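# Residue-level structural notes
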Amino acid sequence: MYLLEVLSGPLDGKTWAFEREITIGRDDNVADACIPLDRYVSRKHAQLRVNGERLLLRDLKSRNGTKLDGKSVESDADLQIGAPFVVGRTVLRVTRS
């Protein structure tokens, strides 16, 4: 089990639990982790997916992109547990629960 946590942004401290994958976005009809207060987050912005022992981060063709280590995420990017990443203007990280 994993926890997606907001480190900074309008929902600071908010968490969502997930096992296999989670979609991040602004619209709760299409996003499991909904961040409605950040207008720079797209309806369906990014996705986290567990693949064996790997955790993969993918941008879903969002308008403002997803950043990891200051670089834009273009395709599946390996995400280390605890490493911060940015969607819109919101900083998030994943931990194990």
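Residues numbered from 1 in each chain as written. Predicted model: local features only at pLDDT ≥ 70, side-chain atom pairs only at ≥ 80, totals over all residues. Heavy atoms only, no water.

The subject of this paragraph is the sheet that holds strand β10 (residues 85–87). An order of β2-β1-β11-β10-β7-β8 is seen for the 6 strands of this open sheet, with the pairing classed as antiparallel. The open sheet has two edge strands, β2 (15–18) and β8 (71–72), and neither has a second partner. Sheet topology note: the strand β1 (residues 2–8)/β2 ladder contains 4 bridges and is antiparallel. Each bridged residue has a counterpart across the sheet, and for Leu-4 the counterpart in β2 is Trp-16. (Pairing = 2+ DSSP bridges. Helix = DSSP H or I, 4+ residues; strand = E, 2+ residues; numbered from the N terminus.)

Next up on the list: the packing of aromatic side chains. Tallying each qualifying case throughout the model produces 1 aromatic pair. Ring centres 5.5 Å apart and planes at 25° place the aromatic pair Tyr-2 and Phe-18 in the stacked group. Separated by 16 residues along the polypeptide, Tyr-2 in strand β1 and Phe-18 in strand β2 bring together distant segments of the chain. Accessibility expressed as a relative area gives 7% for Tyr-2, which makes it buried. By relative accessible area, which is 4% here, Phe-18 ends up buried. (Phe/Tyr/Trp six-rings, centres within 6.5 Å; stacked < 30°, edge-to-face > 60°. Buried < 20%, exposed > 50% of the residue type's maximum accessible area, 1.4 Å probe, protein only.)

Before going further, it helps to spend a moment on the sheet that holds strand β3 (residues 21–25). Ordered in space as β4-β3-β5-β6-β9, the 5 strands form an open sheet in which the pairing is mixed. Two strands bound the open sheet, and with one partner strand each, they are β4 (33–34) and β9 (77–78). Across 2 bridges, strand β6 (residues 54–59) lies against β9 in antiparallel orientation. Across the sheet, residue Leu-56 finds its bridge partner in β9, namely Asp-78.

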